[in-house]
Amino acid sequence: MKGTVTRAPEEEDWAVVLSFLPKNWQELAEESGALRGLRKDKSPECLLRTLLIHLGCGPSLRETVIRARQAQIADLSAVALFKRLKKSRAWLRAMCVALFQEHGVGVSAGVGR
């Protein structure tokens with residue numbers, strides 16, 4: 001078809017993942033400090049994709065950075081990913097809270113899990 005843009009299947013999959021995130025997920029990354037100190041790529045999208053490889057698929061930190069590097073998402077060490085994961089805790093929690101709120105589910109202000 002004329003004018004139709006075709007995307008790689010992994011990009012289509014990522015677009016589906018993005019559709020489930022809260023509307024302000026990128027702003028939450030900035031506000032929470034998750035992006036502070038990123039050296040090469042300050043993209044919240046690349047950071048989230050890398051974190052989801054680790055958290056969603058369960059590989060080791062070392063395997064995660066290899067996968068992210070091969071997919072040209074991020075280029076960092078396992079130690080850097082560990083530090084990024086710790087810095088992203090508040091961001092990930094804020095995204096969960098925002099999703100609950102968007103769907104009308106009450107969330108307590110406590111620090112619980």
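Since the structure is predicted, the reported quantities are computational estimates derived from the model, not experimental observations.

Novice: Requested: an account of the nonpolar core, with residues and values cited.
Specialist: Formed by 21 residues in total, the largest nonpolar core has its most connected members in Trp25, Leu47, Leu48, Trp91 and Met95. Going through the elements one at a time, α2 (25-32), α3 (44-57), α4 (61-70) and α6 (89-102) are the ones with two or more residues in this core. With residues up to four places along the chain from it excluded, the contact list for Trp25 reads Leu18, Pro44, Glu45, Leu48, Trp91 and Met95.

Novice: Describe the packing of α3 against helix α5 (residues 78-87), with residues and values.
Specialist: Contact geometry of α3 with α5 gives a least axis separation of 11 Å together with a crossing angle of 100°. Regarding the angle of α3 to α5, the classification is roughly perpendicular. Here α3 contributes Leu47, Thr50, Leu51, His54 and Leu55 to the contact with α5, which in turn contributes Leu81, Arg84 and Leu85. Residues of the contact of α3 with α5, tallied by class, amount to five nonpolar, two polar and one charged.

Novice: Go over α4, please, and point to the residues and values.
Specialist: By the burial criterion, the buried members of α4 are Thr64, Val65 and Ala68. Along α4, the residues classed as buried sweep out an arc of 95° about the axis, all on the same side. Among the exposed residues of α4, those pointing more than 90 degrees away from its buried face are Arg62 and Gln70. Where α4 is buried, its residues contact α3 and α5. Once α4 ends, the next one or two residues include Gln72, with phi positive near 60°.

Novice: I'd love a proper account of a nonpolar patch on the surface, names of residues and values included.
Specialist: Together, Phe100, Val105 and Val107 make up an exposed nonpolar region whose accessible area comes to about 230 Å². Among the secondary structure elements, Val105 is positioned in the segment after α6. A relative accessible area of 40% means that Val105 is categorised as partly exposed.

Novice: Lay out a positive patch on the surface in plain terms, naming residues and giving numbers.
Specialist: A surface patch of positive charge is lined by Arg36, Arg39, Lys83, Lys86 and Lys87. Within the fold, Lys83 resides in helix α5.

Novice: Outline the environment of Phe20, listing residues and values.
Specialist: With respect to the secondary-structure elements, Phe20 resides in helix α1 (residues 9-20). Residue Phe20 is classed as exposed on the basis of its relative accessible area, which comes to 59%. Once the C-alpha coordinates of Phe20 and Leu99 are considered, the two residues, 79 residues apart in sequence, prove to be 8.4 Å apart.

Thresholds, definitions, all that
- Residues numbered from 1 in each chain as written.
- Predicted model: local features only at pLDDT ≥ 70, side-chain atom pairs only at ≥ 80, totals over all residues.
- Heavy atoms only, no water.
- Core = buried A, V, L, I, M, F, W, Y, C linked by side-chain atoms within 4.5 Å.
- Buried < 20%, exposed > 50% of the residue type's maximum accessible area, 1.4 Å probe, protein only.
- Helix = DSSP H or I, 4+ residues; strand = E, 2+ residues; numbered from the N terminus.
- Contact = heavy atoms within 4.5 Å.
- Axes fitted to C-alpha atoms, helices over the stretch in contact; angles between N-to-C directions.
- Parallel < 35°, antiparallel > 145°, perpendicular 65-115°, else oblique.
- Nonpolar A, V, L, I, M, F, W, Y, C, P; charged D, E, K, R; others polar.
- Arc of directions from axis to C-beta.
- Patch = residues over 30% accessible without salt bridge, like charges linked within 9 Å, V, L, I, M, F, W, Y side chains within 5 Å.
- Areas by Shrake-Rupley, 256 points an atom, 1.4 Å probe, with all protein chains shown as cover.
- Salt bridge = Lys/Arg side-chain N within 4 Å of Asp/Glu carboxyl O.
- Lys, Arg positive; Asp, Glu negative; His and termini not counted.
- Charge placed at Lys NZ, Arg CZ, Asp CG, Glu CD.

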